[in-house]
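The residues making up each chain are set out below.
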Amino acid sequence: MALPPTNLQTIEAHMLELQSLHPTASGAFTGLFGDIALAAKIISREVNKAGLADDILGATDQENVQGEIVQKLDEYANDVFMKCLGTRGQVCIMGSEEVADPVYIDPGEGNGNYIVVFDPLDGSSNIDANVSVGTIFGIWRRKNRLNNLGMEDILQTGAEQVAAGYVIYGSSTMFVYTAGHGVHGFTLDPSIGEFLLSHEDIKTPFNGKIYSVNEAYEPRWTPEVREMVRALKYGRQTKETSRKDAPSRGSGMSTRYIGSLVADFHRNLLYGGVYLYPPYEGKPQGKLRMMCEAAPLALIAENAGGYASNGQQSILEVTPDHLHMRTPLYIGSRDDVLWIEKTLSESGDSI
Ligand code: AHG
Ligand code: MN
Ligand code: MN
């Protein structure tokens, strides 16, 4: 029987190491990550046996606050997150893709310093087909006293996040996070029930070969978006890139589109490339949500050397006007996203 290597590190151990860089840290933040990891393990267990459980698999026939059909596992994952995060006093407000209004929590004896906004199950329409799904979360620090909390505490920019992460329930379950000191990935070892450090300090390639977009919407895109995607496909001129020595793209990029944002983002983060969800006729702000999808993934992209834009400016600079605000999203390799932003801004495409 092989002994484990000596450098095994769980998320909590990794966070504790990080905490030692901040002597004033109370440990509440580390505890919060422990709670998120626990929720992720429970959701992972249910996702993995979804095919077995008739009562879990499939849609509920109810619509969520966004008017989309709610999958049963969406509800389950939402409940798990609410329960795991709401009981130990670190969190004062939770926002979920599945819940219309922010949920204010009584932190009891805790300091209630944090606001967590999450998409409990992303890509859930894929679940019946055994395609990867995920969880996305962003964490902010409250601005006001506990007895005076309001929308100012919730509607903060992506840049103000203290941490963000996602979990991908794929061929293995991975937890990827940033707290401003690089992006780190942990793989769940189900036999011991721990996320172990497997991808330390992830850096995404400066440019990539993959573009990920739902091209079925092409007839409803603006001419500017159509032209821009065409250039990704057929190859764009190196003189247009932000880097003079950018390699020639030859015949252009290749498409990969799962239709699960977390899975598409994760693949592009590791291999290089760009994920696009442009606005289209009928959806002038696109589909994705700023606070529970775009902003957390933008923080991860930037900490891994990538970039995220709404086509005009950095996602991280935008102040949301609503918990469920939607935004166009272009995210991934820095050079590719900067080129898209420049191309759309110069062509006058507006959102
Ligand atoms: P969710 O399951 O949380 O509602 O998110 C679904 C999102 C995202 O995961 C994916 O990238 C996108 O919807 C796919 O949308 P299209 O089917 O319009 O391409
Ligand atoms: Mn989602
Ligand atoms: Mn969702």
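Our subject in this report is the structure included herewith.

What counts, and at which threshold
Residues numbered from 1 in each chain as written. Chains lettered and ligands numbered in written order. Predicted model: local features only at pLDDT ≥ 70, side-chain atom pairs only at ≥ 80, totals over all residues. Heavy atoms only, no water. Buried < 20%, exposed > 50% of the residue type's maximum accessible area, 1.4 Å probe, protein only. Helix = DSSP H or I, 4+ residues; strand = E, 2+ residues; numbered from the N terminus. Pairing = 2+ DSSP bridges. Phe/Tyr/Trp six-rings, centres within 6.5 Å; stacked < 30°, edge-to-face > 60°. Polar contact = N/O pair within 3.5 Å; in protein donor to acceptor, adjacent residues only side chain to side chain. 1 Å grid on protein atoms, 1.4 Å probe; cavity = no way out; pocket = protein on both sides within 12 Å on 5 of 7 lines; lining within 4 Å. Points joined across faces, edges and corners; volume = space filled by probe spheres on them. Donors = N, O, S within 2.8 Å, 3.2 Å for Na, K, Ca; no water.

On to the pairing of strand β15 (residues 329–332), then. Neither face of β15 is exposed, since L329 and I331 on one face and Y330 and G332 on the opposite face are all buried. Note that strand β14 (residues 307–309) and β15 share three bridges and pair antiparallel. Along β15, the bridge assignment pairs S309 with Y330.

Across all of its chains, the model carries 14 aromatic pairs by this definition. Ring plane angle 55° and centroid distance 5.8 Å describe the contact between F137 and F175, whose orientation is recorded as tilted. Placement of F137 in strand β6 (residues 133–141) and of F175 in strand β8 (residues 173–178) is noted, with a sequence separation of 38 residues between them. Accessibility classification places F137 together with F175 in one group, the buried group. Residues Y277 and Y280 carry aromatic rings whose centres are separated by 6.4 Å and whose planes lie at 40° to one another, so their mutual orientation is tilted.

Attention shifts here to the side chain of S309. Within the secondary structure, S309 is located in strand β14. A polar contact of 2.8 Å, which involves the side chain of S309, links it to the side chain of E341.

This paragraph deals with the layout of surface pockets. If you add up the space inside the largest pocket, you get close to 410 Å³. Surrounding the largest pocket, 25 residues form its lining, G123, S124, S125, K287 and R289 being those nearest its centre. Counting residues per element, the ones that place at least two in the lining of the largest pocket are β2 (69–71), β5 (114–122) and β13 (273–277). Residue contributions to the lining of the largest pocket peak at three residues, all from β5.

As a further point, take the coordination of the manganese ion (ligand 3). Around the manganese ion (ligand 3), the protein supplies E97 (OE), D119 (OD) and L121 (O) as donor atoms, at distances of 2.2 to 2.7 Å. Look at where the donors of the manganese ion (ligand 3) fall in the sequence and you get E-x21-D-x1-L. The metal-metal distance between the manganese ion (ligand 3) and the manganese ion (ligand 2) is 3.8 Å, with D119 serving as a donor to both. Comparing D119 with L121 shows no difference in burial state: the two are buried.

With six of its six residues buried, β8 lies for the most part within the structure. Burial along β8 is two-sided: T173, F175 and Y177 and M174, V176 and T178, pointing in opposite directions, are all buried. Sheet topology places strand β7 (residues 163–169) next to β8; six bridges connect them, and they run antiparallel. From the neighbouring strand, I168 faces β8, where its bridge partner is M174.

With that out of the way, let us pick up the coordination of the manganese ion (ligand 2). All of the protein donors around the manganese ion (ligand 2) are D119 (OD), D122 (OD) and E293 (OE); their distances to the metal are 1.9 to 2.2 Å. One chain supplies every donor to the manganese ion (ligand 2), and in sequence these donors are spaced D-x2-D-x170-E.

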